[in-house]
Amino acid sequence: MNRQMPTTEFDGRSLTVAAPIPRALLRIAATALAGGLLSAAMVRFSPGFGLDEQQLDARLSRESQEAVLRSHDQERNPLRFYAAWWKRVLAGDLGFSQSLNRPIRELLADRAPATLDLTLWGMGGAWVLAMVFSVPVVVRRLRRLAALSSVFSGMAASLPAAGIAILLFRLGGSAKWMIALVLFPRLYQYLRNVLQQASGMPHVLLARAKGLRWQPLLWRHVLWPARAQLIALVAVSINMAFGAAVAIEAICDIPGLGQLAWKAATARDLPVLVVLTVMIALVTQMSNLVADLCTPAVRSQS
Amino acid sequence: MKAIRNLAGTLLLFLLLAALYPSVLTRAPYDRQFRELPDAPVSRQFPLGTDELGRDRLSRLLYGTRVSLLAAPAAALLSTILAALVGGLAGFLGGWFDRAAVAAIDLMLSLPWLFLLIMVRATLPLNLPALVSALVTFGLIGLLGWAPAARIVRAGCRTLRCSDLVVQARACGIRDGRVLVKHVLPNVRPILAAQFRASIPIYILAEANLGLLGLGVADPLPSWGNLLRPLESGLAPDWAAWAPLILMLVVVSCFYLTQPSEVVVR
């Protein structure tokens, strides 16, 4: 059966997409909603939820103690909390962080630039490193460089993100390089596999046999046909970069969203955790959607 | 390559034996405090020195290795079983269960794993007894690590659902449950074995990350995560304090070298 695939406009061209966009957007919204509800329920039912160290403060009056207790009342039922939270979010209020004593909107505005800067530079560094090591290995077939890069990426993959952060911190390295080093082994291995597949295709072998120089060979016949996988890898690396940022910002005391996530988790700050969960789920899913939108179109053009 | 794989396997075996029988290399128990010798330098009695509480670093390193090398495979087994259950049923049954499983997998994969681990671990009590905290930490890693494997198992089972052997088994009147257990799951066993092997080093690193952030195994039970914590403090550590990181590098590299080179992106 020959089914007509739906099409959409992207970058001025008509693209074929695997699933209609509204359905994909609905799926993304449902995933983010479920993620937020799950985090709210998890924190709510954790042992010791609602206890506040202020309750131990003997200087507070009885009324103040009761007020402290009442401050958690609206969070007791996670469903009610979540519904009320969404109502406030739709009105433009993200809530208030009790552990950091500041509105969440302000916290996000203050901390997002640091994380954005860190992850973007880190991702850029990781991509540059992965390209620098994998392209000559695949195109020029340099065996020594292949062995060296395998050892380097293997060593980076064998250390935890927090361990890499400590190591580079002690050596005076930048936090951006920490993210780059955490992402590098994953990107390098995948990139090398993708490029190896592309460079083994018959038309590449023919171009090589005809004596085509390696620069046009790389751009026209290796990287360009592999762009669908590369776009998908960019989407995946956004998620990986934020995961690494959590550990690195916590270790290096960088006031970003990763550190906020760690602080909110250890303080069981429910409103902050829900906001971060929904936000991260949305960013990841949206980047995957953009990659999905590009991928089938790229394949159909290749 | 085969020689390197054999060498890595032998080294792993040697380290496992050293971790299981630490008394061969050191006499001191991991929690004994030599109070007159805090922060002792490397010596014949203490080959890696002592920590700030006067505990033998070598002994703690070997016991920490035991915790990681035994608990990480257990966590990997737990997540593989969960992946087989969820992915197997979703791929084989299809319908609403498949859609629900895909949604759950999407949700799990849309959150960075470390963020998810930190969030869930922080919701549980932190002042647990040491052994319980180790069980909770690795149990949690196993419980939250099923999603990537489940997606691959689901794809394998979906392919098998339409295969000749399953159609024939159904035509013979065999019930769905039996078809799944007897014909489908045995055929995805290589996928499950590969996922199990690939998960072990990832879980070792996850515990180390949690431990470094203060959410891992509790003192006095050593683990690679909490042994690395002194490196995070402002004081300049001596070279022996880096031993857990170096050992972790060696062990995880050996795990990667003993398995086929596949990328597990998390």
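Everything numeric in this text was worked out from a predicted model, so none of it was measured.

(A) Fine view of the overall build of chain A. In terms of helices and strands, chain A carries 12 helices and four strands. Residue pairs at least 24 apart in sequence account for 73% of intrachain contacts in chain A once pairs closer than 6 positions are excluded.

(B) Local environment of the overall build of chain B. Regarding its fold elements, chain B presents 12 helices and zero strands. Based on the C-alpha atoms only, the size of chain B along its principal axes is roughly 75 × 45 × 25 Å. For chain B, the share of sequence-separated contacts (at least 6 apart) that also reach a separation of at least 24 residues comes to 70%.

(C) The nonpolar core, seen in detail. If you look at the biggest cluster of nonpolar residues, it comprises 161 residues, and the most contacted ones within it are Ala165, Ile179, Leu183, Ala247 and Ile248 of chain A together with Leu117 and Ile118 of chain B. With near-sequence residues (within four places) excluded, leucine 183 of chain A lies in contact with Gly122, Met123, Ala126, Ser237, Met240, Ala241 and Ala244 of chain A.

(D) Structural view of the interface of chain A and chain B. Facing 41 residues of chain A, the contacting portion of chain B comprises 31 residues. If you list the elements that add at least two residues to the side of chain A that touches chain B, you get helix H1 (21-44), helix H5 (143-157), helix H6 (161-170), helix H7 (175-199), helix H10 (227-252), helix H11 (257-267) and helix H12 (270-301) of chain A. When residues in the side of chain A that touches chain B are grouped by element, the largest group, eight residues, is from H10 of chain A.

(E) Spatial organisation of the packing of helix H5 (residues 130-144) of chain B against helix H9 (residues 189-212) of chain B. Residues and elements named next belong to chain B. Relative to each other, H5 and H9 sit at 130°, their axes nearing to 10 Å. Between H5 and H9, the crossing angle belongs to the class labelled oblique. H5 and H9 meet at a crossing whose hand is right-handed. Contacts between H5 and H9 involve Thr137, Phe138 and Ile141 from the former and Tyr203, Ala206, Glu207 and Leu210 from the latter.

(F) Quick peek at the packing of helix H6 (residues 147-161) of chain B against H9 of chain B. Residue and element names in this part refer to chain B. Between H6 and H9, the least distance of the axes is 10 Å, while the angle of their chain directions is 170°. Comparing the axis directions of H6 and H9 gives the class roughly antiparallel. Along the contact surface, H6 presents Ala149, Ile152, Val153 and Gly156, while H9 presents Ile191, Leu192 and Gln195. For the contact of H6 with H9, the per-class residue count stands at five nonpolar, two polar and no charged.

(G) Main features of the confidence of the model for chain A. Here chain A averages 81 in pLDDT, and 85% of its residues register 70 or above. Low confidence marks residues 1-17 of chain A, where pLDDT is under 50. Its contacts with residues over four positions away, or in another chain, come to 22 contacts.

(H) Representation of the environment of alanine 247 of chain A within the structure. The residue alanine 247 of chain A is located in helix H10 in this model. Accessibility expressed as a C-beta count within 10 Å gives 31 for alanine 247 of chain A, which makes it buried. Note: C-alpha distance between alanine 247 of chain A and alanine 165 of chain A (82 residues apart in sequence) is 7.9 Å. Setting aside anything within four residues of it in sequence, one finds alanine 247 of chain A in contact with Ala161, Ala162 and Ala165 of chain A together with Leu114, Asn209 and Leu213 of chain B.

(I) Broad picture of the confidence of the model for chain B. Overall, the predicted model of chain B reaches an average pLDDT of 87, with 96% of residues at or above 70. The ipTM assigned to the predicted complex is 0.85, against a pTM of 0.85.

(J) Quick peek at unusual backbone geometry. Geometrically, the link from aspartate 219 of chain B to proline 220 of chain B is a cis peptide bond, its omega value of 5° lying close to zero. Mapping proline 220 of chain B onto the fold places it in the loop between H9 and helix H10 (224-227). Of note, aspartate 253 of chain A is a non-glycine position whose phi angle comes to about 55°, a positive value. Along the polypeptide, aspartate 253 of chain A turns up in the loop between H10 and H11. Of the residues examined, aspartate 253 of chain A has 9 C-beta atoms within 10 Å and is grouped as exposed. Phi is positive for aspartate 39 of chain B, close to 50°, though the residue is something other than glycine. Along the polypeptide, aspartate 39 of chain B turns up in the loop between helix H1 (2-20) and helix H2 (57-93).

(K) Just the environment of tryptophan 262 of chain A, in detail. Turning to its location among the elements, tryptophan 262 of chain A is positioned in helix H11. Along the chain, tryptophan 262 of chain A and valine 246 of chain A lie 16 residues apart, while their C-alpha atoms are 6.7 Å from each other. The contact partners of tryptophan 262 of chain A, leaving out residues within four places of it in the chain, are Val246 and Ala250 of chain A together with Ile118 and Leu213 of chain B.

(L) Main features of the environment of alanine 243 of chain B. Residue and element names in this part refer to chain B. Assignment of secondary structure puts alanine 243 in helix H12 (residues 243-257). For alanine 243 and leucine 227, which are 16 residues apart along the polypeptide, the C-alpha to C-alpha distance reads 9.2 Å. The residues contacting alanine 243, other than those within four sequence positions of it, are Leu48, Arg57 and Leu61.

Cut-off values and rules
Residues numbered from 1 in each chain as written. Chains lettered and ligands numbered in written order. Predicted model: local features only at pLDDT ≥ 70, side-chain atom pairs only at ≥ 80, totals over all residues. Helix = DSSP H or I, 4+ residues; strand = E, 2+ residues; numbered from the N terminus. Contact = placed C-beta atoms within 7 Å. Core = buried A, V, L, I, M, F, W, Y, C linked by C-beta atoms within 7 Å. Buried ≥ 20, exposed ≤ 12 C-beta atoms within 10 Å, placed from the backbone. Axes fitted to C-alpha atoms, helices over the stretch in contact; angles between N-to-C directions. Parallel < 35°, antiparallel > 145°, perpendicular 65-115°, else oblique. Left-handed = near helix turned anticlockwise from the far one by under 90°. Nonpolar A, V, L, I, M, F, W, Y, C, P; charged D, E, K, R; others polar. pLDDT = per-residue confidence, 0-100.

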